[in-house]
Amino acid sequence: VNLFTTGEIELSKVKPLGCGFRQFFGRPNWGRICPQLAEQHPGDDIGMFLCGPAALRGDLANGVRKAKTQCARHSTKFSLHAENF
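Residues numbered from 1 in each chain as written. Predicted model: local features only at pLDDT ≥ 70, side-chain atom pairs only at ≥ 80, totals over all residues. Heavy atoms only, no water.

(A) Molecular detail of the overall build of the protein. Along its length, the protein carries two helices and four strands. Moving toward the C terminus, one meets the helices and strands of the protein in the order β-β-α-β-α-β. Each principal axis of the C-alpha distribution contributes one length, and for the protein these read about 40 × 30 × 20 Å. Taken across its 85 residues, the protein has 24% of its residues classed as buried. In the protein, of all internal contacts separated by at least 6 residues, the share reaching a separation of at least 24 is 59%. For the protein, the computed accessible surface area is about 6,100 Å², with 53% contributed by carbon and sulfur atoms. On the protein, the mean spot of the 11 positive side-chain charges and the mean spot of the 7 negative ones are 4 Å from each other. (Helix = DSSP H or I, 4+ residues; strand = E, 2+ residues; numbered from the N terminus. Buried < 20%, exposed > 50% of the residue type's maximum accessible area, 1.4 Å probe, protein only. Contact = heavy atoms within 4.5 Å. Areas by Shrake-Rupley, 256 points an atom, 1.4 Å probe, with all protein chains shown as cover. Lys, Arg positive; Asp, Glu negative; His and termini not counted. Charge placed at Lys NZ, Arg CZ, Asp CG, Glu CD.)

Right, here's the structure in full:
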């Protein structure tokens with residue numbers, strides 16, 4: 001599981017998540033991340049889960065859409081699940 005945290009955070013207070021979870025800070029570049037995931041996980045179904053503002057959902061949806069067209073050769077499927085507030 002990759003967890004992307006946006007917004008302000010004091011890095012000195014960040015603790016490791018453990019259990020195979022990886023944590024990243026700042027705004028993700030979905031146009032780069034999604035194709036990489038497709039390449040690393042050919043033929044898999046990748047679920048993208050988002051809880052955040054509608055604008056962030058739009059960015060993620062565009063990244064997933066781009067990955068679907070760029071990564072057809074990997075047969076990787078992406079699903080976007082979002083909850084907006």
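(B) Structural detail: the nonpolar core. Counting 13 residues, the largest nonpolar core has Trp30, Cys34, Leu37, Met48, Leu60, Val64 and Phe78 as the members making the most contacts within it. Of all the secondary-structure elements, those providing two or more residues to this core are α1 (30-40), β3 (45-52) and α2 (54-70). Examining the composition of this core, we find that five residues originate from one element, α1, more than from any other. Those residues within four positions of leucine 37 in sequence are excluded, and the remaining contacts are Ile46, Met48 and Phe78. (Core = buried A, V, L, I, M, F, W, Y, C linked by side-chain atoms within 4.5 Å.)

(C) Molecular detail of the environment of serine 75. Structurally, serine 75 can be placed in the loop between α2 and β4 (77-84). A relative accessible area of 48% places serine 75 in the partly exposed class. Distance in space between the C-alpha atoms of serine 75 and glycine 18 is 30 Å, their sequence separation being 57 residues. In this structure, serine 75 is in contact with Gly43 and Asp44, ignoring residues within four places of it in sequence.

(D) Representation of the environment of lysine 66 in the model. In this fold, lysine 66 is placed in helix α2. With relative accessibility at 40%, the residue lysine 66 sits in the partly exposed group. Remark: the alpha-carbon pair of lysine 66 and arginine 32, spanning 34 residues in sequence, is separated by 9.5 Å.

(E) Structural context of the side chain of threonine 76. Secondary-structure assignment places threonine 76 in the loop between α2 and β4. For threonine 76, the side chain forms a polar contact with the main-chain oxygen of alanine 38, separated by 3.2 Å. A polar contact is formed between the side chain of threonine 76 and the backbone nitrogen of glycine 43, at a distance of 3.5 Å. (Polar contact = N/O pair within 3.5 Å; in protein donor to acceptor, adjacent residues only side chain to side chain.)

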